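In case you want the letters, here they are:
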Amino acid sequence: MAGKKDFSAANTGRVYSAITEATADPEQEPQQAQDVQRTRKEYNEQQAQEMRQAGTTQGRKGCKALRINMAFTPETHEYITTMARVKGESITDFVNHVLKQSMAANAELYEQAKAFKESFK
(Lines give C-alpha, C1' and ligand atoms only; values in the text may rest on other atoms or scores of the structure.)
Protein backbone atom coordinates (compact mmCIF):
# COMPACT_ATOMS: atom_id res chain seq x y z
CA MET A 1 0.00 0.00 0.00
CA ALA A 2 1.35 3.42 -0.91
CA GLY A 3 2.20 5.94 1.77
CA LYS A 4 0.68 9.38 2.16
CA LYS A 5 1.90 12.02 -0.27
CA ASP A 6 3.53 15.17 1.05
CA PHE A 7 2.27 18.38 -0.67
CA SER A 8 3.72 20.82 1.84
CA ALA A 9 6.42 21.93 -0.63
CA ALA A 10 3.93 22.67 -3.47
CA ASN A 11 3.81 26.27 -4.71
CA THR A 12 0.20 27.40 -4.24
CA GLY A 13 0.79 31.13 -4.68
CA ARG A 14 -0.63 31.26 -8.22
CA VAL A 15 -3.85 29.57 -7.12
CA TYR A 16 -4.42 31.98 -4.24
CA SER A 17 -3.72 35.02 -6.42
CA ALA A 18 -6.15 33.76 -9.09
CA ILE A 19 -8.85 33.32 -6.43
CA THR A 20 -8.18 36.80 -5.08
CA GLU A 21 -8.48 38.34 -8.56
CA ALA A 22 -11.67 36.44 -9.38
CA THR A 23 -13.41 37.42 -6.16
CA ALA A 24 -12.27 41.06 -6.08
CA ASP A 25 -14.84 43.85 -5.92
CA PRO A 26 -15.77 45.38 -9.29
CA GLU A 27 -14.23 48.66 -8.09
CA GLN A 28 -10.83 47.01 -8.10
CA GLU A 29 -11.04 45.98 -11.78
CA PRO A 30 -8.61 47.50 -14.27
CA GLN A 31 -9.46 50.96 -15.61
CA GLN A 32 -9.85 49.65 -19.18
CA ALA A 33 -12.83 47.48 -18.26
CA GLN A 34 -14.58 50.44 -16.66
CA ASP A 35 -14.04 52.67 -19.70
CA VAL A 36 -15.82 50.28 -22.06
CA GLN A 37 -19.42 51.30 -21.44
CA ARG A 38 -21.80 51.24 -24.35
CA THR A 39 -24.70 53.61 -24.50
CA ARG A 40 -27.78 52.38 -26.31
CA LYS A 41 -30.10 54.69 -28.12
CA GLU A 42 -33.59 54.71 -26.70
CA TYR A 43 -36.64 55.12 -28.91
CA ASN A 44 -39.97 56.81 -28.19
CA GLU A 45 -43.22 54.89 -28.65
CA GLN A 46 -43.85 56.24 -32.16
CA GLN A 47 -40.38 55.21 -33.35
CA ALA A 48 -40.77 51.80 -31.70
CA GLN A 49 -44.13 51.29 -33.43
CA GLU A 50 -42.62 52.19 -36.81
CA MET A 51 -39.83 49.67 -36.26
CA ARG A 52 -42.34 46.98 -35.28
CA GLN A 53 -44.23 47.62 -38.52
CA ALA A 54 -41.01 47.41 -40.53
CA GLY A 55 -39.80 44.34 -38.60
CA THR A 56 -36.51 45.99 -37.60
CA THR A 57 -36.62 45.72 -33.81
CA GLN A 58 -33.74 43.32 -33.16
CA GLY A 59 -31.12 44.80 -30.83
CA ARG A 60 -32.97 48.06 -30.30
CA LYS A 61 -33.76 48.94 -26.71
CA GLY A 62 -37.46 49.49 -26.10
CA CYS A 63 -38.47 48.17 -29.54
CA LYS A 64 -39.52 44.61 -28.85
CA ALA A 65 -41.53 42.81 -31.51
CA LEU A 66 -44.72 41.01 -30.57
CA ARG A 67 -44.05 37.28 -30.46
CA ILE A 68 -46.17 34.14 -30.50
CA ASN A 69 -44.99 30.60 -29.87
CA MET A 70 -46.86 28.42 -32.38
CA ALA A 71 -47.05 24.71 -33.12
CA PHE A 72 -47.59 23.39 -36.67
CA THR A 73 -48.34 20.03 -38.15
CA PRO A 74 -45.33 18.53 -39.94
CA GLU A 75 -46.95 19.14 -43.35
CA THR A 76 -47.68 22.80 -42.57
CA HIS A 77 -44.20 23.34 -41.18
CA GLU A 78 -42.63 21.83 -44.29
CA TYR A 79 -44.80 24.05 -46.51
CA ILE A 80 -43.90 27.20 -44.58
CA THR A 81 -40.16 26.52 -44.57
CA THR A 82 -40.09 25.42 -48.22
CA MET A 83 -42.09 28.39 -49.50
CA ALA A 84 -40.06 30.84 -47.43
CA ARG A 85 -36.86 29.47 -48.97
CA VAL A 86 -38.33 29.55 -52.49
CA LYS A 87 -39.28 33.21 -52.04
CA GLY A 88 -35.94 34.01 -50.40
CA GLU A 89 -37.49 35.33 -47.20
CA SER A 90 -37.43 34.38 -43.56
CA ILE A 91 -40.17 32.19 -42.16
CA THR A 92 -41.49 35.19 -40.22
CA ASP A 93 -41.68 37.34 -43.34
CA PHE A 94 -43.45 34.57 -45.26
CA VAL A 95 -46.04 33.96 -42.52
CA ASN A 96 -46.62 37.72 -42.12
CA HIS A 97 -47.18 37.98 -45.90
CA VAL A 98 -49.72 35.12 -45.86
CA LEU A 99 -51.54 36.66 -42.90
CA LYS A 100 -51.66 40.08 -44.60
CA GLN A 101 -53.29 38.44 -47.62
CA SER A 102 -55.85 36.85 -45.31
CA MET A 103 -56.44 40.20 -43.59
CA ALA A 104 -57.12 41.87 -46.94
CA ALA A 105 -59.51 39.11 -47.99
CA ASN A 106 -61.42 39.21 -44.68
CA ALA A 107 -61.25 42.95 -43.89
CA GLU A 108 -65.02 43.43 -43.58
CA LEU A 109 -65.50 40.38 -41.35
CA TYR A 110 -62.56 41.48 -39.20
CA GLU A 111 -64.09 44.94 -38.67
CA GLN A 112 -67.40 43.34 -37.67
CA ALA A 113 -65.62 41.04 -35.23
CA LYS A 114 -63.75 43.99 -33.68
CA ALA A 115 -67.01 45.95 -33.30
CA PHE A 116 -68.66 42.91 -31.73
CA LYS A 117 -65.77 42.54 -29.30
CA GLU A 118 -65.95 46.24 -28.40
CA SER A 119 -69.66 45.96 -27.63
CA PHE A 120 -68.84 43.85 -24.56
CA LYS A 121 -66.67 46.52 -22.91
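Residues numbered from 1 in each chain as written. Predicted model: local features only at pLDDT ≥ 70, side-chain atom pairs only at ≥ 80, totals over all residues. Heavy atoms only, no water.

> Is there a simple way to think about the overall build of the protein in this case?
Looking only at helices and strands, one finds six helices and zero strands in the protein. When the helices and strands of the protein are listed from N to C terminus, the series reads α-α-α-α-α-α. Within the protein, contacts between residues at least 6 apart in sequence are counted, and of these 0% link residues at least 24 apart. Split by element, the accessible area of the protein, about 11,800 Å² in all, is 54% carbon and sulfur. (Helix = DSSP H or I, 4+ residues; strand = E, 2+ residues; numbered from the N terminus. Contact = heavy atoms within 4.5 Å. Areas by Shrake-Rupley, 256 points an atom, 1.4 Å probe, with all protein chains shown as cover.)

> What should I look at first to understand the packing of aromatic side chains in this one?
Here the distance between the centres and the angle between the planes together describe a pair of aromatic rings. If you walk through the whole model with that rule in mind, you get two aromatic pairs. An angle of 90 degrees between the planes, with centres 5.0 Å apart, marks the rings of F116 and F120 as edge-to-face. Per residue, the accessibility class of F116 equals that of F120, and both read exposed. (Phe/Tyr/Trp six-rings, centres within 6.5 Å; stacked < 30°, edge-to-face > 60°. Buried < 20%, exposed > 50% of the residue type's maximum accessible area, 1.4 Å probe, protein only.)

> Explain the packing of helix α4 (residues 74-87) against helix α5 (residues 91-105) here, please?
For any two helices packed against each other, the geometry is given by the interaxial angle and the distance between the axes. One way to put it is that α4 packs onto α5 with a least axis distance of 9 Å and a crossing angle of 100 degrees. The angle between the axes of α4 and α5 places the two elements in the roughly perpendicular class. Across the interface between the two elements, Y79, I80, T81, M83, A84 and K87 from α4 touch I91, F94, V95 and H97 from α5. Residue composition of the contact of α4 with α5, grouped by class: seven nonpolar, two polar and one charged. (Axes fitted to C-alpha atoms, helices over the stretch in contact; angles between N-to-C directions. Parallel < 35°, antiparallel > 145°, perpendicular 65-115°, else oblique. Nonpolar A, V, L, I, M, F, W, Y, C, P; charged D, E, K, R; others polar.)

> For this particular structure, what's the right way to read a nonpolar patch on the surface?
Where nonpolar side chains cluster on the molecular surface, the patch consists of V15, Y16 and I19 and spans about 320 Å² of accessible area. Along the chain, Y16 falls in helix α1 (residues 13-22). Look at Y16 and you get exposed, because its relative accessible area is 55%. (Patch = residues over 30% accessible without salt bridge, like charges linked within 9 Å, V, L, I, M, F, W, Y side chains within 5 Å. Salt bridge = Lys/Arg side-chain N within 4 Å of Asp/Glu carboxyl O.)

> I tried to follow α4 on my own but got confused; where do I start?
An α-helical turn contains 3.6 residues, so a residue and the one three or four places further along point in the same direction. In this model, α4 (14 residues) spans 20 Å end to end at C-alpha, consistent with the 20 Å of a helix rising 1.5 Å per residue. Three or more residues of α4 are buried, namely I80, T81 and A84. Projection of α4 onto a plane perpendicular to its axis shows the buried side chains occupying an angular sector of 90 degrees, all on one side. Of the residues in α4, the exposed ones pointing more than 90 degrees away from the buried face are P74, E75, E78 and V86. Of the surrounding elements, those touching the buried residues of α4 are α5. (Expected span 1.5 Å × (residues − 1). Arc of directions from axis to C-beta.)

> Looking at this model, I keep getting lost on the environment of T76. Mind explaining?
Here T76 lies in helix α4. Taking relative accessible area as the criterion, T76 reaches 34% and is therefore assigned partly exposed. A polar contact of 2.8 Å, which involves the side chain of T76, links it to the side chain of T73. (Polar contact = N/O pair within 3.5 Å; in protein donor to acceptor, adjacent residues only side chain to side chain.)

The analysis is restricted to geometry; functional conclusions fall outside its scope.
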